[in-house]
Amino acid sequence: LWISILRLKRFPCEEYWWKEEKLVSGKRISYTWLALGYAILILIISSIPDLSPPELGFRFQDKFYHFLEYAIFSILLFFALFNSPRNFLKKNFLIIAILIGLVFAAIDEIHQSLIPGRSADVADFLADFLGLLFVQLFFWFYYRKRPIVR
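Values in this document were obtained by computation on a predicted structure and should not be read as measured data.

A. Summary view of the overall build of the protein chain. Summing up its helical and strand segments, the protein chain has 6 helices and 0 strands in all. Here the protein chain holds 150 residues, and 29% of them are scored as buried. Restricting to contacts in the protein chain with at least 6 residues of sequence separation, those with at least 24 account for 73%. Within the structure as shown, the protein chain displays about 10,200 Å² of accessible surface, and the carbon and sulfur contribution to it stands at 71%.

So, in structure tokens, the structure goes:
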């Protein structure tokens, strides 16, 4: 039905514009929802009392888990911002993603301090920050000489 309606348009460029806008908007929404869903998943996992992750066999494995958790969150934030239709978000993805991630990491640590058997730790917050920073700097180095505005 939609294909037949689109064929009835008199100007082919309007049809192309509609498809292009729909595609860009669809990507932006899906990446934004993925980042939001992952943030909710972080809070759900942080709400589990006395949670101990699987042993990896080295000393600072809990910091590694924090680093990895926020590196994944940082990747999702990057794609949500980079695929935004707003040029401001695309051009400033580095600082915006780090700020969003830092605020969320602080909220997560405060949330953990309220859960029995869990505690807030500055070292965990630092591991979260390093996970965010590492990924964002990787993307910044990759895209710094490439045009960002599409």
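B. Geometry of the pattern of salt bridges. Throughout the structure, instances matching the rule amount to 3 salt bridges. Salt-bridge contacts for aspartate 62 lead to lysine 63; the nearest nitrogen and oxygen are separated by 2.8 Å. We classify aspartate 62 as partly exposed; its relative accessible area is 33%. The closest approach of N and O atoms between lysine 63 and aspartate 124, which form a salt bridge, is 2.7 Å. Residue lysine 63 is located in helix α3 (residues 61–82), and its partner aspartate 124 is located in helix α6 (residues 122–143); the two are separated by 61 residues in the primary sequence. Given the relative accessible area of 17%, lysine 63 is considered buried.

C. A look at the environment of alanine 71. Here alanine 71 lies in helix α3. Once the C-alpha coordinates of alanine 71 and phenylalanine 129 are considered, the two residues, 58 residues apart in sequence, prove to be 8.8 Å apart. Once residues within four sequence positions are removed from consideration, alanine 71 is found in contact with Gly131 and Val135.

D. Layout of a nonpolar patch on the surface. Where nonpolar side chains cluster on the molecular surface, the patch consists of Leu56, Phe58, Phe64, Leu68 and Ile72 and spans about 420 Å² of accessible area. Taking the relative accessible area as the measure of exposure, leucine 68 reaches 39% and is therefore partly exposed.

E. Representation of the side chain of serine 74 within the structure. Mapped onto the elements, serine 74 comes out in helix α3. With relative accessibility at 0%, the residue serine 74 sits in the buried group. Aside from chain neighbours lying at most four places away, what touches serine 74 is Gly131, Leu132, Val135 and Gln136.

F. Representation of the packing of helix α5 (residues 93–113) against α6. The interhelical angle for the contact between α5 and α6, taken along N-to-C directions, is 165°, at an axis separation of 10 Å. Classed by the angle they form, the pair α5 and α6 counts as roughly antiparallel. With respect to the hand of their crossing, α5 and α6 are arranged in right-handed fashion. Residue-level inspection shows Phe93, Leu94, Ala97, Ile98, Gly101, Leu102, Ala105, Ala106 and Glu109 of α5 in contact with α6, the latter providing Asp124, Phe125, Asp128, Phe129, Leu132, Leu133, Gln136, Leu137, Phe139 and Trp140. The residue inventory of the contact of α5 with α6, partitioned by class, reads 14 nonpolar, 2 polar and 3 charged.

G. Geometry of the packing of α3 against α6. Their axes nearest at 7 Å, the elements α3 and α6 cross at an angle of 40°. The angle between α3 and α6 places the two elements in the oblique class. The handedness of the crossing between α3 and α6 is right-handed. Side by side, α3 and α6 meet where Asp62, Lys63, His66, Phe67, Tyr70, Ala71, Ser74, Ile75, Leu77, Phe78, Phe79 and Phe82 of the first sit next to Ala123, Asp124, Ala127, Asp128, Leu130, Gly131, Leu132, Phe134, Val135, Gln136, Phe139 and Tyr143 of the second. Each residue belonging to the contact of α3 with α6 can be placed in one class, and the counts come to 16 nonpolar, 4 polar and 4 charged.

The rules behind the values
- Residues numbered from 1 in each chain as written.
- Predicted model: local features only at pLDDT ≥ 70, side-chain atom pairs only at ≥ 80, totals over all residues.
- Heavy atoms only, no water.
- Helix = DSSP H or I, 4+ residues; strand = E, 2+ residues; numbered from the N terminus.
- Buried < 20%, exposed > 50% of the residue type's maximum accessible area, 1.4 Å probe, protein only.
- Contact = heavy atoms within 4.5 Å.
- Areas by Shrake-Rupley, 256 points an atom, 1.4 Å probe, with all protein chains shown as cover.
- Salt bridge = Lys/Arg side-chain N within 4 Å of Asp/Glu carboxyl O.
- Patch = residues over 30% accessible without salt bridge, like charges linked within 9 Å, V, L, I, M, F, W, Y side chains within 5 Å.
- Axes fitted to C-alpha atoms, helices over the stretch in contact; angles between N-to-C directions.
- Parallel < 35°, antiparallel > 145°, perpendicular 65-115°, else oblique.
- Left-handed = near helix turned anticlockwise from the far one by under 90°.
- Nonpolar A, V, L, I, M, F, W, Y, C, P; charged D, E, K, R; others polar.

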